[in-house]
Amino acid sequence: MKTLAFFLAFVLAGLAAGQEGSFDRSVTVSGPVSLDVKTDSGGIAITPGSSGSVHVHAVLKAEHGWLGGGDAAERIRQIESHPPIEQSGNQVRIGYVHDRELLRGISMRLEIQTPADTQVLARADSGGIRVAGVRGPVDCKTDSGGIRVQDVKAGVHAAADSGGIHMADIGGAVVARVDSGGVEATNVSGSIDAQTDSGSIRLSQTTPAPIRAKADSGGVTVRLAPKAGYDLNLETDSGRISVPEITVRSGFSSHHVQGKVGSGGPLVEIRAASGSVSVE
């Protein structure tokens, strides 16, 4: 019995290994890169690499194991032989498999190294997206999975149906939309527009610019740029409001505050349907 069990385990391991694969490709570029990346399942990671090339490493896996894979191993071999990478000058498209049947039941994780001077468009149906160290701008969306963006010199637009959004050290305007999950955007030097249906919001700014935050279920915390003036309009249906020393303009109550920080400046507009509001 032990010999039979060992034999079956060996066979099953071989079948599972046959339903995994990968490919590595590099394309040569010169100048700023426009990168367009898509995967149905598996996730995307984009980091800075050498200045003259875009390198792609993909990990392919059958999602349902050996029992439900069918011809997954053969389709993985086809993707390995013909990687979904297209190039037109400095415009590079990755992950656009023209025969959609090839990816049925297969996840494709894309790990990409690109020149720092790159703008990014990234889409994932299921899986997280991570972008770090590029000049930008960055536009990313995932239906199911988190988004992390760090050290981007231009603006960022991020949207997730289910999963949190985390950003840090952003050198332009930020727009974040989440149906289920929190938003965190710190050290932002442009305007901020953040909204979540379910989850908390935490923001901080290094240069004064308009801030708009709306949380249907969850609190909002905002750290303003140091020594800067702002106009405040803060409201919560259920929760408390905490603000720095301000000049009250037209109203101050436990659920609604309007006023100025310093001599005033960009508008900070915060609305929390269920949760507290804190401005620091």
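Note that the structure is predicted; figures quoted are calculated from it, not measured. (Residues numbered from 1 in each chain as written. Predicted model: local features only at pLDDT ≥ 70, side-chain atom pairs only at ≥ 80, totals over all residues. Heavy atoms only, no water.)

### What about the overall build of the protein chain?
And then number 1: Across its full length, the protein chain holds three helices and 25 strands.
And then number 2: The buried share among the 280 residues of the protein chain stands at 43%.
And then number 3: When contacts within the protein chain are restricted to residue pairs at least 6 apart in sequence, those whose partners lie at least 24 apart make up 48%.
And then number 4: In the form shown here, the protein chain has an accessible surface area of approximately 13,000 Å², with 52% of it arising from carbon and sulfur atoms. (Helix = DSSP H or I, 4+ residues; strand = E, 2+ residues; numbered from the N terminus. Buried < 20%, exposed > 50% of the residue type's maximum accessible area, 1.4 Å probe, protein only. Contact = heavy atoms within 4.5 Å. Areas by Shrake-Rupley, 256 points an atom, 1.4 Å probe, with all protein chains shown as cover.)

### Some remarks on the packing of aromatic side chains
And then number 1: Taken as a whole and judged by the stated rule, the model has zero aromatic pairs.
And then number 2: Here the basic side chain of Arg93 rests over the ring of Tyr96, its NZ or CZ set 3.8 Å away from the ring centre. (Phe/Tyr/Trp six-rings, centres within 6.5 Å; stacked < 30°, edge-to-face > 60°. Lys NZ or Arg CZ within 6 Å of the ring centre and 35° of its normal.)

### Things to note about the pairing of strand E2 (residues 33-41)
And then number 1: Taken together, the eight bridges between E2 and strand E8 (residues 118-126) define a ladder with parallel strand orientation. Across the sheet, the residue bridging to Ser41 is Ser126, located in E8. (Pairing = 2+ DSSP bridges.)

### What to know about unusual backbone geometry
And then number 1: Following Gly136, the chain continues into Pro137 via a peptide bond in cis, with omega recorded as 5°.
And then number 2: Within the secondary structure layout, Pro137 lies in the loop between strand E9 (129-132) and strand E10 (138-144).
And then number 3: Phi is positive for Asp169, which is not a glycine, with a value near 60°.
And then number 4: Along the polypeptide, Asp169 turns up in strand E13 (residues 165-170).
And then number 5: Of note, Asn187 is a non-glycine position whose phi angle comes to about 55°, a positive value.
And then number 6: Take Asn187: it is sitting in strand E15 (residues 183-188).

### With respect to the nonpolar core
And then number 1: With 71 residues, the main nonpolar core has Leu35, Val54 and Met167 as its most contacted residues.
And then number 2: With five residues, strand E4 (residues 53-62) is the largest single contributor of residues to this core.
And then number 3: Not counting residues within four places of it along the chain, the set of residues in contact with Val54 comprises Arg25, Ser26, Val27, Val29, Val33, Leu35, Val92, Ile94, Ile112, Gln113, Thr114 and Pro115. (Core = buried A, V, L, I, M, F, W, Y, C linked by side-chain atoms within 4.5 Å.)

### Some details on the pattern of salt bridges
And then number 1: Under the counting rule described, the total for this entry stands at 20 salt bridges.
And then number 2: For Arg212, the salt bridge goes to Asp193, with nearest N and O atoms at 3.3 Å. Of this pair, Arg212 sits in strand E18 (residues 211-215) while Asp193 sits in strand E16 (residues 192-198), and the two are 19 residues apart along the sequence.
And then number 3: Across the pair Lys214 and Asp216 runs a salt bridge whose closest N-O atoms are separated by 2.6 Å.
And then number 4: Overall, the relative accessible area of 30% leaves Asp216 in the partly exposed class.
And then number 5: Residues joined by salt bridges that share partners form a network here, namely Asp71, Arg75, Glu101 and Arg104. (Salt bridge = Lys/Arg side-chain N within 4 Å of Asp/Glu carboxyl O.)

### Focus on the sheet that holds strand E25 (residues 277-279)
And then number 1: Taken together, twelve strands build an open sheet; the order of strands is E1-E4-E7-E3-E9-E11-E13-E15-E17-E19-E25-E21 and the sheet is mixed. In this open sheet, the two strands that pair with only one neighbour each are strand E1 (20-28) and strand E21 (241-242).
And then number 2: Together, E1, E4 and strand E7 (106-114) form the strand contacts of helix H3 (residues 72-81), whose direction differs from that of E1 by roughly 15°. (Axes fitted to C-alpha atoms, helices over the stretch in contact; angles between N-to-C directions.)

### Description of the environment of Leu102
And then number 1: Position of Leu102 relative to the elements: it lies in the loop between strand E6 (91-94) and E7.
And then number 2: Considered as a pair, Leu102 and Arg75 are 27 residues apart in the sequence and their alpha carbons are 5.5 Å apart.
And then number 3: For Leu102, the contacting residues outside a window of four places in its chain are Arg75, Gln78, Ile79 and Val97.

### Let's talk about the confidence of the model for the protein chain
And then number 1: Confidence along the protein chain averages 89 in pLDDT terms, with 88% of residues attaining 70 or more.
And then number 2: Counting contacts from residues 4-17, a segment whose pLDDT is below 50, to residues more than four positions away or on other chains yields two contacts. (pLDDT = per-residue confidence, 0-100.)

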